[in-house]
Every structure is written in C-alpha cells, then in structure tokens.
Amino acid sequence: MSKRKKADVIDPRLSGLGFDPALAPADAVAKLRELHAAGAAPKAAIAAALGNLSVPESVQLLSEMETEASGADRREIRRAVFKLAQRGLKTAPRAATPAQPAAIAASAGLSALMSPIDPEGARLVWILKERAQGGVRRLWVLASEAEGLVGARLSNLSRHELRDERAELERRANLRLIDADWRLADFVICEAYNRTPESRRSQVGNFLMIRSEIIAGPPPTEFEHPVYAELAVEIAAEPSIDLLKEPELAGWRMLPAEIKPYLDEVNEVRQSPLVLGRLQNEERINAVAERAIGALMAGERAMLIRRRLEDTAYYLLRSGRRVQAGWAASAAARIRDGADPKRIAFFQTFVRAQLGEMLAQEQQREHEEPRLIMTPAEAMRARMQRSQR
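Residues numbered from 1 in each chain as written. Predicted model: local features only at pLDDT ≥ 70, side-chain atom pairs only at ≥ 80, totals over all residues. Heavy atoms only, no water.

Now for the sheet that holds strand β4 (residues 148-157). Here five strands make up an open sheet; going across it, the order is β4-β3-β2-β1-β5 and the pairing antiparallel. Of all the strands in the sheet, the pair left with one neighbour each is β4 and β5 (178-180). Here the strands of the sheet are splayed against their neighbours by 25 degrees on average, with no regard to which way each runs. Of the pairings in the sheet, the one linking strand β1 (residues 110-114) to β5 comprises three bridges and is antiparallel in character. When the bridges of β5 are listed, Ala112 appears paired with Ala180. Contacts from helix α8 (residues 159-173) reach β1, β2 (122-130), β3 (136-144), β4 and β5, with the element oriented near 165 degrees to β2. Here helix α9 (residues 182-195) sits on the sheet and contacts β1, β2, β3, β4 and β5; the angle it forms with β2, its principal contact strand, is near 130 degrees. (Pairing = 2+ DSSP bridges. Helix = DSSP H or I, 4+ residues; strand = E, 2+ residues; numbered from the N terminus. Axes fitted to C-alpha atoms, helices over the stretch in contact; angles between N-to-C directions. Contact = heavy atoms within 4.5 Å.)

Printed below as a string of structure tokens:
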C-alpha cells in the first residue's frame, strides 16, 4: 500500500457512525462536525479524517477543536493542521463567536488589575468600569486555588480614591498590581467561583448578580490564555528550573495533605530496620519521588498548576521579565499538551523540592520535640552500639 493510501485510511469507528469519505469534501466536513458536536467519535479520529479533506472548512473545524483539546488529541489535531498547511491551507485567526461582539461592545470601558499569586494560591483581582458621572465601579474579588472564591464586592470609587487604595495596598503588602486584560480577569474569577465548595457558596452567593452589573454576557467557560500567543517563541524551549527562584514561585507550596502520603513513604525508607546501602536507599526514595510526580501532576491538580504557571507568566511578562515569563509559559504548555512530567526537569525539581521542604520541616519538629518511642532503625542502632561497648 502506498504512503498516500495509508494516510487516507479512515478509522472504522467513523465509518460505523455513518461517515463516508466519498462524500463531497464540504459535506464530509459537515458530517465530521456533526459527530464532533455530538461527542460520538474520538477527536483524534475526526482530526485525522479532516487532515485528508483539503478544504477551508477542515481548517476551521480543526481550529475550533484545538481550543478544547489536550494531550494525544491535540497532537493529532496539530498534525492534521500541519498536513493541510503543506497544501496551502493555513489556519485563519480565530473569529469571535456571534455572542462575543455584543458582549464586548456592552462592556466598553472595562479594565482590570491583578496581584501575583501568593504561596498559598490566593490573589486579588479588581475589574473596573468607567462611570458616566465620573470615577469607576470596582468589582473586588479575592480568589484562592484551594477555596475558590473567598470574597467579592462591588463599590464606587473616585479616580483619586482608586489611586490611593492601590498605592496603599502595594505598599502594605509589598506587591505590585499589574494592568490586565479584563477578559482574563473575568475568566479567573468565574473559574474560582466554579471551584467554590457548595458549603461556602452562600458567602459569595451574590457574585453572579454583582458581576452582571458591570459585565454583559454569561460567565466564560473557556478562554485561550494570551501568553501562548505572546510568548510563542519562548514556549518552544524547555522550562528552566531557575524559574523556581523567582519571588512569585519561590514560596509555592502544595497542600500538605497532597504531599504527606509520599512523605510517609520516604520516612519508611529512612527508618526501615533493613540494612541497605546508600545507593539502594536512594533508589527507593527516587521511586517514591517518581510516583509523587506522576500523581501530583495529574487531573485537577495538574490543571491548577497549569493555571498558576499561565497567570504567573502573564504577571512576569508585564513586570518586565520576559525570559522568566517564557519559562513559565513553556511549563504551562507542557501540561496543556500532555507531556510526561516525569521526563521534564522543571517538574521533577518542583515536586522533589516540595518533598524535601516538608521532610526538613518534620525533621526540625522531631529535633525540637523529645520523643519517648524509638523507630525500628533507631532501636537497632542502639542495640548495636550497646553490644560494641
């Protein structure tokens, strides 16, 4: 079979759902769009089929699919896009959805300010809207990775009051608020609201109502982060572990409950009564660290890490640190594209540093608090010392 024929083989799952590659290209794309919308077929199979249909409609559907894809699906979509580009069909700039122009027009006069994310994952977001009678309306929000939306309130301020409050906050908290795209700020706070536990929703129950007073349109469910376009060149390079030295990330700590199971395993290795060589102990500890990297960099936790890296890249870029911003965007892109974190030095260093920090804290507590019970390893060493006297 020739290379051309191999490339054109259709996934049998598509054929079973009624897709016929013999249809006119535009009709074939329409059928694939229907299957994609219904979630009836694998995205990778649809992307591969689109790569064989050299019409603009294929490029448009692939572009739409890419915004919601990750991992192997995203890579297959990119392969199809590249394949069509070789035939002269380039991806056009993504057009706004029909609902966007009206919402953006109605939200004229909006701007935003954002703080860096603190070590516990909290940040301050201000969305501002100019008032016809002067001054601004400010939507003040405190958002947290762990707790979702912590607080939200709406107030009217004069320009003078806004400047004074910003200056006082920056002086007192020793931080800098950056000017931000209000759409990104809106996505950040709406995503935080969606993560807010039901038990705490009553405390911010009027959030959607006060948001609607300054922002037209429903809360966003998707947003393509601007750092991927703004730092497209830098993203191609591997993220540097030096990023962890930046003040915005140097104090970053995962929740103790997430780290503790792996910390307990490390302690078991250290306290084991088995007499093992140093290299054998290191191998066992490395195996624990590998499992920790795989588990802590997956699922919802991976998404939160990606969001923090994206927003930190945005903050660093607007603080004049483009190189460091590129490292953060590159790390976020690796998560977005489904790369194996165990093969990326940045994530290995990050998770190992988390384990090392908590281990050091435990050792410090043990040193400060006298213990009446020996570990098995300590008991064995004590017996050996007594027998040698």
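The next thing to look at is the pattern of salt bridges. Throughout the structure, instances matching the rule amount to 25 salt bridges. Arg79 serves as the salt-bridge partner of Glu76, at 2.9 Å between the closest nitrogen and oxygen. Linking Glu76 with Arg79, this pair stays in helix α6 (residues 71-86), spanning three residues, or about one helical turn. Since its relative accessible area comes to 49%, Arg79 is described here as partly exposed. Each of Glu191, Arg306, Arg307 and Glu310 takes part in a single network of salt bridges with overlapping partners. (Salt bridge = Lys/Arg side-chain N within 4 Å of Asp/Glu carboxyl O. Buried < 20%, exposed > 50% of the residue type's maximum accessible area, 1.4 Å probe, protein only.)

Here we take up helix α17 (residues 299-318). The end-to-end C-alpha separation of α17 is 29 Å, in line with the 28 Å expected for 20 residues at 1.5 Å each. With 16 of 20 residues buried, α17 lies mostly within the body of the structure. At the C-terminal side of α17, Gly320 shows a positive phi close to 85 degrees. (Expected span 1.5 Å × (residues − 1).)

Let us look at α8. In an α-helix there are 3.6 residues to a turn, and that puts residues three or four apart on one side. Given a rise of 1.5 Å per residue, 15 residues ought to cover 21 Å, and the 21 Å separating the end C-alpha atoms of α8 matches this to within 8%. Looking one or two residues past α8, Asn174 carries a phi angle of roughly 55 degrees, positive in sign.

Before going further, it helps to examine unusual backbone geometry. A positive phi angle is found at Asn174, which is not glycine, with a value near 55 degrees. Relative to the helices and strands, Asn174 is located in the loop between α8 and β5.

Looking now at the packing of α9 against α17. Packed helices, taken two at a time, are described by the angle between their axes plus the distance between the axes. Look at α9 against α17: their axes get within 13 Å of each other, and the N-to-C directions meet at 155 degrees. As judged from the angle between their axes, α9 and α17 are roughly antiparallel. The crossing of α9 and α17 is left-handed. Here α9 contributes Leu184, Phe187, Val188, Glu191 and Arg195 to the contact with α17, which in turn contributes Glu300, Leu304, Arg307, Asp311 and Tyr314. Broken down by class, the residue content of the contact of α9 with α17 amounts to five nonpolar, no polar and five charged. (Parallel < 35°, antiparallel > 145°, perpendicular 65-115°, else oblique. Left-handed = near helix turned anticlockwise from the far one by under 90°. Nonpolar A, V, L, I, M, F, W, Y, C, P; charged D, E, K, R; others polar.)

Moving on to the environment of Gln354. Secondary-structure assignment places Gln354 in helix α19 (residues 345-368). Taking relative accessible area as the criterion, Gln354 reaches 4% and is therefore assigned buried. The sequence separation of Gln354 and Arg253 amounts to 101 residues, and the corresponding C-alpha distance is 6.7 Å. Ignoring sequence-local partners within four residues, the contact set of Gln354 consists of Trp252, Arg253, Met254 and Ile259.

Moving on: the pairing of β2. The element β2 is largely enclosed, with a buried count of eight among its nine residues. Note: β1 against β2, five bridges, orientation antiparallel. Bridge pairing links Leu110 to Lys129 in β2. The pairing of β2 with β3 spans nine bridges and is classified as antiparallel. Across the sheet, the residue bridging to Ile127 is Leu139, located in β3. What sits between β2 and β3 in their antiparallel hairpin is a turn of five residues, with Gly134 showing a positive phi close to 105 degrees.

A word on the packing of aromatic side chains. Summed over all chains, the structure comprises four aromatic pairs. When the ring of Phe187 is compared with that of Phe223, the centres are 5.8 Å apart and the planes differ by 25 degrees; the resulting orientation is stacked. Remark: Phe223 occurs in the loop between α11 (207-212) and α12 (227-230) and Phe187 occurs in helix α9; sequence separation between them is 36 residues. You can call Phe223 partly exposed: its relative accessible area is 27%. Both rings, one in Trp252 and one in Phe350, keep their centres 4.5 Å apart while their planes meet at 40 degrees; by these two values the pair is tilted. Of this pair, Trp252 sits in the loop between α14 (247-250) and α15 (256-271) while Phe350 sits in helix α19, and the two are 98 residues apart along the sequence. Classification of Phe350 by relative accessible area gives buried; the value is 2%. One Lys or Arg, Arg138, reaches over the ring of Trp126 and ends 4.5 Å from the middle of that ring. The side chain of Arg336 reaches across the aromatic face of Tyr228, ending 4.3 Å from its centre. (Phe/Tyr/Trp six-rings, centres within 6.5 Å; stacked < 30°, edge-to-face > 60°. Lys NZ or Arg CZ within 6 Å of the ring centre and 35° of its normal.)

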